[in-house]
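Letter by letter, the chains look like this.
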Amino acid sequence: MQQGTSPAIALLTDFGIRDNFVGVMKGVMTRIAPGTTFIDLTHEIPPQDVSAGAWVLGTAYRYFPAGSVFVCVVDPGVGSTRDAVAIHAGDWYFVGPDNGLFHFVLAEQPVHAAVKLTNPAFHLPTVSATFQGRDLFSPVGAHIAAGRHLLELGEPVPADSLRRLDLPGPVLKPDRIEADVSYVDHFGNLVTSIAFAMLPDFFDWPVVRLLLPAKQLIISERRRFFADQGDDAQPFLYVDSSGYIAIAMRNTSAARSLNIGRGEAVTLIWRNT
Amino acid sequence: MQQGTSPAIALLTDFGIRDNFVGVMKGVMTRIAPGTTFIDLTHEIPPQDVSAGAWVLGTAYRYFPAGSVFVCVVDPGVGSTRDAVAIHAGDWYFVGPDNGLFHFVLAEQPVHAAVKLTNPAFHLPTVSATFQGRDLFSPVGAHIAAGRHLLELGEPVPADSLRRLDLPGPVLKPDRIEADVSYVDHFGNLVTSIAFAMLPDFFDWPVVRLLLPAKQLIISERRRFFADQGDDAQPFLYVDSSGYIAIAMRNTSAARSLNIGRGEAVTLIWRNT
Amino acid sequence: MQQGTSPAIALLTDFGIRDNFVGVMKGVMTRIAPGTTFIDLTHEIPPQDVSAGAWVLGTAYRYFPAGSVFVCVVDPGVGSTRDAVAIHAGDWYFVGPDNGLFHFVLAEQPVHAAVKLTNPAFHLPTVSATFQGRDLFSPVGAHIAAGRHLLELGEPVPADSLRRLDLPGPVLKPDRIEADVSYVDHFGNLVTSIAFAMLPDFFDWPVVRLLLPAKQLIISERRRFFADQGDDAQPFLYVDSSGYIAIAMRNTSAARSLNIGRGEAVTLIWRNT
């Protein structure tokens, strides 16, 4: 980081962009940490869909500078007994509800410190029952960006008590991988939970087939590039920029054409000789 | 504000985010006030809906640092005889058409100065008939952020001549409050015009009922928290983060489920012993 | 530019705002050029619609400060043989695929330098086949903002080899102009390819008619201001803020009311005495 530059604050919510919620959060933060660069990851997480939020955060945070603060609010339990937390994991800081939103971060990064946000000195004077993004998570995130230490913000919690999601995840069997569609992007590409890193020889095997039993569909074409020659009407497999095996159709939405959404079960089989 | 940090410029428009309108406004402003932090309040005000814009601004501005500049463009009368104004009210600056967009700010804050934007030295060289957001309001807003005094920008206008909206507003009768739905948020929550500050004992009264005569609907459940136990199929009353009494249904859109929109008449009755 | 202020980076893509694509690009850039101001031109270009992207960029870039960097990704050929380029044209820098996206910039500005992005030292360590916005265009754009010279980024290409679009464009005949609708904005206004600069006397001629043969429609009313008196049910001609002759209806979407979209043929005729 350049001398004197505040770290960036990245935001991820399910608040949408129609209301003033996100703007108000930035107003609160800029009062505490003037000159901060705000980066919107997205505010279009489907309402209260914690696992979609976890996936979108999990495939993004690595690209941010060390010291960046992620203020994340997808929070069906706002006002309930779930904790509000701040976590220092890997090179980054994460602030939000302890409801599984940090699942992938916790799975992938060492946790250096984690606290419950129990110190009201770092919250707005009144914390509403319905908008803790404004009243609690934003001021805490801005105080971290402004240099406060996590231990000032509340009482430490052990890393292994932080909430994880109960995700189906890919299951490796001797002759196949059973997995599911974990994300559908803006272009209608269907991203599975099968990491390319599990199958580094994916493009070299003589035969690969992705079965979608409920749709009685088998996809066997693999492409390294979207622009590869091929039949535009046929779905194909590629490695998504998130690092996972995915299904696309060129120049159209695979999700819409194949009528497939998040959660669809998929099975990958292959012959490697 | 930190030494050397420009104040933030917040934007509120009905321009949407598909076109380049908002980006161009920021381009114009960053030329005049480089390094400024831009904060989007929203660009999704329904086209030309001045009172929706006024509400969204009115529930947001207080959270911004002193000295922030709000550039606001919801302007059905662009090119007509309505004035273009800049207002210093409370701790903030507001720039936009004088058409009621600043209704709540004017109702809530003392006006220190207000001017008509008649000095072309602070506009773009050519002011188009259709995009004063770019040609007039943006450069003026950026010049204020860069430190210009309001009186350089044009001729003073008296605060009480600034345009207010003719809003129904809540009417307090001896035994009830007659009001309406003033905003529907992204989650489908229905925010009424009844301020919680009018009814600080709202949660303590033995009985509270919100009547929606046109829908033959009576809502009597009150919740402090969204996550409170209760029947998900039933609408309930809560205090919205904007400070107003509102109607929600848990895990669904009350607006869609109840088929209620902005302007719907509501009557609040109660028994306080 | 103020001493010590980084130039702004403007972004234009067809990535939408639901996914984390745009946020990740900014994460990558803020790591290389901390403190940069990011300005979103739009991320809602229709998927892979290069000519819409070119138009939106072409009507925006002039309003940005000298030295601004435009990172533009509308890229149906990602992973194919189209080149990735950086261009210094007029007072600005442009980074993206060489597929026609810079058509209007190249038509309007002198090119001082242009390079193919062949130097991997300025890319992310791994360049994916599907997200060059993140892996290639973002780091290159940030390095330019941070002061790198274009010639460090790759091998020079001659300006006249850069890809232009094959646009119909307006055709001036002795007694008419044949043109088309080149853009439909958020309000449903229909912007034609006829520049007002071609017809500076547009408002002074006794008669002007815009014919839409396929719709058997003739529009002859001209308005300088949207707020001019007139029949709200009738379409009229005005000069759009982009500088082109356009069709609007007051308080409604001309595109929807007239069922007209991009590409619709129009013919302008006039009598100038």
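Remember, predicted model here, so these are calculated numbers, not experimental data.

Along chain A, the regular secondary structure elements total six helices and 14 strands. Structurally, chain A occupies a C-alpha span of about 60 × 40 × 40 Å along its principal axes. When the 273 residues of chain A are sorted by exposure, 58% land in the buried category. Summarising the internal contacts of chain A: among those between residues at least 6 apart in sequence, 65% fall at separations of at least 24. Just so you have it, chain A exposes about 10,700 Å², and 50% of that area is on carbon and sulfur atoms. Charge-centre separation for chain A: the mean point of 21 positive side chains lies 2 Å from the mean point of 27 negative side chains.

All names here are of chain B. The strand order across the open sheet built from six strands is S2-S1-S3-S5-S4-S6, with neighbouring strands paired in mixed fashion. The strands lining the two open edges of the sheet, one partner per strand, are strand S2 (38-42) and strand S6 (111-116). Taken over all neighbouring pairs, the strand axes of this sheet differ in orientation by 20° on average, direction set aside. Relative to S2, strand S1 (residues 9-13) runs parallel, the two sharing four bridges. Its bridge partner lying in S2, Ala10 is registered against Ile39. On top of the sheet, helix H2 (residues 50-58) reaches S1, S2, strand S3 (69-73) and strand S5 (92-97); it is set at about 155° to S1, its chief contact.

A few words now on the packing of aromatic side chains. All names here are of chain A. As enumerated under the stated definition, the model contains 48 aromatic pairs over all chains in all. Three or more aromatic residues joined by ring pairs make a cluster, and in this case those are Tyr61, Phe64, Phe70, Trp92, Phe94 and Phe102. Arg223 extends its terminal NZ or CZ atom over the ring of Phe236, reaching a point 4.1 Å from the ring centre.

Taken as rigid bodies, chain A and chain B are interconverted by a rotation of 120° and an axial shift of 0.0 Å, the fit giving an RMSD of 0.0 Å. The symmetry that links the two subunits is that of a three-fold axis. The rotation axis passes nearest to the C-alpha of A:Thr37 in chain A, at a distance of 4.2 Å. Little of the interface of chain A is mirrored in chain B, where only 3% of its interface residues are also at the interface.

Next up on the list: the domain arrangement of chain A. All names here are of chain A. Assigned domains of chain A: these are domain 1 (9-161) and domain 2 (171-271). One C-alpha centre belongs to domain 1, the other to domain 2; they are set 32 Å apart. Across the contact, seven residues belong to domain 1 and seven residues belong to domain 2. Our count for the domain 1 to domain 2 interface comes out at one salt bridge. Arg262 is the partner of Asp49 in a salt bridge, and the nearest nitrogen-oxygen pair spans 2.0 Å. The interface formed by domain 1 and domain 2 holds three residue pairs in polar contact (both at pLDDT 80 or more) in total. Taken together, the residues of the side of domain 1 that touches domain 2 break down into four nonpolar, two polar and one charged.

For the rest of this paragraph, the subject is the packing of helix H1 (residues 21-32) of chain C against helix H4 (residues 132-145) of chain C. All names here are of chain C. Put simply, H1 and H4 touch, their axes get as near as 8 Å, and they point 40° apart. Regarding H1 and H4, the two cross each other, and that crossing is right-handed. Contact with H1, carried on its side by Val24, Met25, Val28, Met29 and Ile32, involves Gly133, Arg134, Ser138, Pro139, Ala142 and His143 of H4 and no other residues of that element. Residues of the contact of H1 with H4, tallied by class, amount to seven nonpolar, three polar and one charged.

Residues and elements named next belong to chain C. Secondary-structure assignment places Ile17 in the loop between strand S1 (9-13) and H1. With relative accessibility at 27%, the residue Ile17 sits in the partly exposed group. As a C-alpha pair, Ile17 and Pro97 span 80 residues in sequence and 21 Å in three-dimensional space.

Conventions we followed
Here the residue index of a chain counts from 1 through its sequence in written order. Each chain gets a letter, beginning with A, and each ligand a number, beginning with 1, in the order they are written. For a predicted model such as this one, the threshold for reporting local features is a pLDDT of at least 70, and the threshold for listing and counting side-chain atom pairs is 80 or more; totals across whole chains, interfaces and linings nevertheless cover every residue. Here the side-chain values reflect all heavy atoms present in the structure, with hydrogen atoms and water set aside. Strands here are runs of E lasting at least two residues and helices are runs of H or I lasting at least four, both read from the DSSP assignment and numbered beginning at the N terminus. The classification of residues rests on relative accessible area computed with a 1.4 Å probe and restricted to protein chains. Under 20% of the type maximum is buried, over 50% is exposed, and intermediate values are partly exposed. Every residue pair with non-hydrogen atoms within 4.5 Å of one another is taken to be in contact. Accessible surface area values rest on a Shrake-Rupley calculation with a 1.4 Å probe, where residue burial reflects the displayed protein chains alone. Neither His nor the chain termini are counted; the positive set is Lys and Arg, and the negative set is Asp and Glu. For charged residues, the charge sits on one atom: NZ in Lys, CZ in Arg, CG in Asp, CD in Glu. Two strands pair under a simple rule: DSSP has to find at least two bridges between them. Helix axes are fitted only over the stretch in contact, all axes being lines through C-alpha atoms; the angle between N-to-C directions runs from 0 to 180 degrees. Pairs were defined over the aromatic rings of Phe, Tyr and Trp, the Trp ring being its six-membered one, requiring ring centres within 6.5 Å. Orientation was assigned from the angle between planes: stacked under 30 degrees, edge-to-face over 60, tilted for the rest. We call a charge positioned above a ring when the Lys NZ or Arg CZ atom is no farther than 6 Å from the ring centre and deviates by at most 35 degrees from the ring normal. Copy-to-copy alignment: least squares on C-alpha atoms, limited to residues at pLDDT 70 or above in both. Residue ranges assigned to the domains are those given by an automatic or database domain assignment. Any Lys or Arg side-chain nitrogen located within 4 Å of an Asp or Glu carboxyl oxygen qualifies as a salt bridge. By the criterion applied in these results, polar contacts are pairs of N or O atoms within 3.5 Å in which, for protein atoms, one can donate a hydrogen and the other can accept it, and in which residues neighboring in sequence qualify only through two side-chain atoms. Just so you know the grouping, Ala, Val, Leu, Ile, Met, Phe, Trp, Tyr, Cys and Pro go in nonpolar, Asp, Glu, Lys and Arg go in charged, and all remaining residues, Gly too, go in polar. For any pair of crossing helices, the crossing counts as left-handed if the nearer helix is rotated counterclockwise from the farther one by less than a right angle, and right-handed if it is rotated clockwise.

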